[in-house]
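Analysis of the macromolecular model
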Amino acid sequence: MTPRSRAMDPQEIYARWLERGARFTFAFALLSLALYLTGALEPLVPLDDLPRLWTLSAADLRREVHAPSGWDWLRLVRYGDYLNQLGISFFALLSLVCTARVIPAFAKSGERSQALLAALQVIVLLAATL
Amino acid sequence: MHLADAATAWWIWPLALFCLTFLLGIVAVIAGVGGGVLFVPIVGSFFPFHLDYVRGAGLVLALTGTLAASPTLLRSGLANLRLVLPLALAGSIFSLAGAVIGFALPVNVVQTALGVIIVAVAVLLWVAKGHDGLDPAAAANFDWRSRRGVLGIAAFGGIGFIGGLFGLGAGWANVPALNLLMGLPLKVAVGTSGLAISLINSSAAWVYISRGALLPAIAMPSILGVMLGSRIGARLLHGMPSVVVRRVVISVLAVAGARALLRGLGIWA
């Protein structure tokens, strides 16, 4: 395999995108965690309340702190805890982005069944976000 | 009884979690098991957090570890994207279903089932060959062809369901499915399992995010602890008696599984 054809291989493209995405996401997650735990960025749920709240189920905690449902939490990323949630969401988003990126690469290389499988995987991951 | 009551200063728990997961990261690498499968039963049994957040953190912890390793595995040929896509598709669908069902079930039912699964995993690890074993198919650099694709897809569906339900990394089940069932060389099975987990856990992770079951104060120190510990573990790998460490890990897993089971049944609250 020549360096050019290797660079166009869907597996290499996936690896390249995942590597860059993972670096960015880890850096973002570290920074947001530092801002959150040091108190530099105020959390919506006070840190001192956590020992009581994390004994509740997720449903009870959401009721207790009036947490937003669905994607409404994105409006709260100015708070330290929700900025961290954004970092965690980036981790979950990486595979979706990388898989979506290799669909045209598979189609271009004539691997239609692989392109279809990748497209179905993207649909499942998108459905999971709803 | 937990290690302390809920009135303890909040930062004690993330710090304790970081220390524990750092240790788990080290021993998981040396013992040849995933950190995710150790995290949920141990933290779920001995820390004061509700099981929802432990499952969420365990799932993301397994996800981040495999995301970090996958580019290297793909480039070295130890993970195969073309092979993973059909397996991950089945795994993702069932993982999503497992996560949704996990939130619909009463916590004691989930805890009891978790205990059963973890004790079964401990037995499986005990009888299975560790990474010190001489496996003639261990090398990646020879021609291989996967077989029993339909059975493999079915197996990944079942494994994905368990992973999504309990927030476990599923390497303990993926690797035997890929190696023994589908005939992949052991190293390729390990690498391909990692890539599959990164895709499969991504789907269930969204369920945990949308249900508010990912508390950053629990998930983030755990992710950092396991990642740092894994790096140290990888360096110590050749100088440690891995068989002894593996036996200790399996014993701890069995105790944590039994604890989860008894707690779920209301015998050891």
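Please refer to the structure placed before this passage.
This structure is a prediction, so every number in the text was calculated from the model and none was measured.

The subject of this paragraph is the overall build of chain B. Of the regular secondary structure elements, chain B holds 10 helices and 0 strands. Secondary structure elements of chain B occur, N-terminal to C-terminal, as α-α-α-α-α-α-α-α-α-α. A burial count over chain B gives 60% of its 269 residues as buried. Considering only residue pairs separated by 6 or more positions, chain B has 87% of its internal contacts joining residues 24 or more positions apart.

Counting from both sides, the interface comprises 48 residues of chain B and, opposite them, 43 residues of chain A. Looking at the side of chain B that touches chain A, the elements with two or more residues in it are α3 (51–76), α4 (81–104), α8 (186–210) and α9 (216–236) of chain B. Its residues assigned to classes, the side of chain B that touches chain A shows 34 nonpolar, 10 polar and 4 charged.

Bringing helix α2 (residues 10–37) of chain A into the picture now. In a regular helix each residue adds 1.5 Å, so 28 residues correspond to 40 Å; α2(A) covers 39 Å between its end C-alpha atoms and thus fits that length. Two residues or fewer after α2(A) comes A:Gly39, characterised by a positive phi angle close to 85 degrees.

Now for the packing of helix α2 (residues 35–46) of chain B against helix α5 (residues 107–127) of chain B. Residues and elements named next belong to chain B. The contact between α2 and α5 brings their axes to 11 Å, and the two run at 130 degrees. In this view, α2 runs oblique relative to α5, as classed from their interaxial angle. Taken as a pair, α2 and α5 cross one another with a handedness that is left-handed. Across from Val 37, Val 40, Pro 41 and Gly 44 in α2, the residues of α5 making contact are Leu 114, Ile 118 and Val 121.

Basis of the calculations
Residues numbered from 1 in each chain as written. Chains lettered and ligands numbered in written order. Predicted model: local features only at pLDDT ≥ 70, side-chain atom pairs only at ≥ 80, totals over all residues. Helix = DSSP H or I, 4+ residues; strand = E, 2+ residues; numbered from the N terminus. Buried ≥ 20, exposed ≤ 12 C-beta atoms within 10 Å, placed from the backbone. Contact = placed C-beta atoms within 7 Å. Nonpolar A, V, L, I, M, F, W, Y, C, P; charged D, E, K, R; others polar. Expected span 1.5 Å × (residues − 1). Axes fitted to C-alpha atoms, helices over the stretch in contact; angles between N-to-C directions. Parallel < 35°, antiparallel > 145°, perpendicular 65-115°, else oblique. Left-handed = near helix turned anticlockwise from the far one by under 90°.

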